[in-house]
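Fold and contact review
This is what each chain is made of:
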Amino acid sequence: MKTKTIFDINSKTITNGFQKAFDSLKNSKLKVSSSTGKVYMSISLLFAIIIGIIFPVALIVLLAFTIFSKLTISIEQEVKEAMDNNKIIELK
């Protein structure tokens, strides 16, 4: 049995793709912390990318600090759980 998958590229799918990517960046945070758990910086990932593009020296300094000290760079994203209004009915 053959299955056929069709993917159309049009303005609606491109717009939806950019919107999902932007929402993902907007909901993510860049967190710089020490190995003991002390948080030095927690900013939006979108803002961090803009800073990295405008000031690439800041990105290099952050990477150097990470290599030579025990800093941890992490990207955290909050995932909203959907309200599940479906109820399970068990038939016997």
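Preceding block: the structure.
Residues numbered from 1 in each chain as written. Predicted model: local features only at pLDDT ≥ 70, side-chain atom pairs only at ≥ 80, totals over all residues. Heavy atoms only, no water.

1. Quick look at the sheet that holds strand 2 (residues 39-44)
- Read across the open sheet, the three strands follow the order 2-1-3; overall the sheet is antiparallel. Among the strands making up the open sheet, the edge pair consists of strand 2 and strand 3 (71-77). Across the sheet, the mean angle separating the axes of adjacent strands is 15 degrees when strand polarity is ignored.
- Direction of pairing for strand 1 (residues 28-34) relative to strand 2: antiparallel, over a ladder of five bridges. The residue bridging Val32 from the neighbouring strand is Met41, located in strand 2.
- Sheet strands touched by helix 1 (residues 11-26): strand 1, strand 2 and strand 3. Its angle to strand 1, the strand with the most contacts, is close to 30 degrees. (Pairing = 2+ DSSP bridges. Helix = DSSP H or I, 4+ residues; strand = E, 2+ residues; numbered from the N terminus. Axes fitted to C-alpha atoms, helices over the stretch in contact; angles between N-to-C directions. Contact = heavy atoms within 4.5 Å.)

2. Digging into the layout of surface pockets
- Approximately 240 Å³ is the volume found for the largest pocket.
- Along the wall of the largest pocket there are 14 residues; nearest its centre are Leu30, Met41, Ala48, Leu59 and Leu62.
- Contributions of two or more residues to the lining of the largest pocket are made by strand 2, helix 2 (45-54), helix 3 (56-68) and strand 3.
- Per-element accounting of the lining of the largest pocket gives the leading share, five residues, to helix 2. (1 Å grid on protein atoms, 1.4 Å probe; cavity = no way out; pocket = protein on both sides within 12 Å on 5 of 7 lines; lining within 4 Å. Points joined across faces, edges and corners; volume = space filled by probe spheres on them.)

3. Observations concerning the pattern of salt bridges
- Using the criterion set out here, one finds two salt bridges in the structure.
- The salt bridge involving Lys26 is made with Asp23; its shortest N-O contact spans 4.0 Å. Here Asp23 and Lys26 lie together in helix 1, a separation of three residues that amounts to about one turn.
- Of the charged contacts, one joins Glu76 and Lys31 as a salt bridge, the two residues approaching to 3.3 Å between their closest N and O atoms. Pair noted here: Glu76 is in strand 3 and Lys31 is in strand 1, with a separation of 45 residues, a long-range link.
- On the basis of relative accessible area, Glu76 is assigned to the partly exposed category, the value being 39%. (Salt bridge = Lys/Arg side-chain N within 4 Å of Asp/Glu carboxyl O. Buried < 20%, exposed > 50% of the residue type's maximum accessible area, 1.4 Å probe, protein only.)

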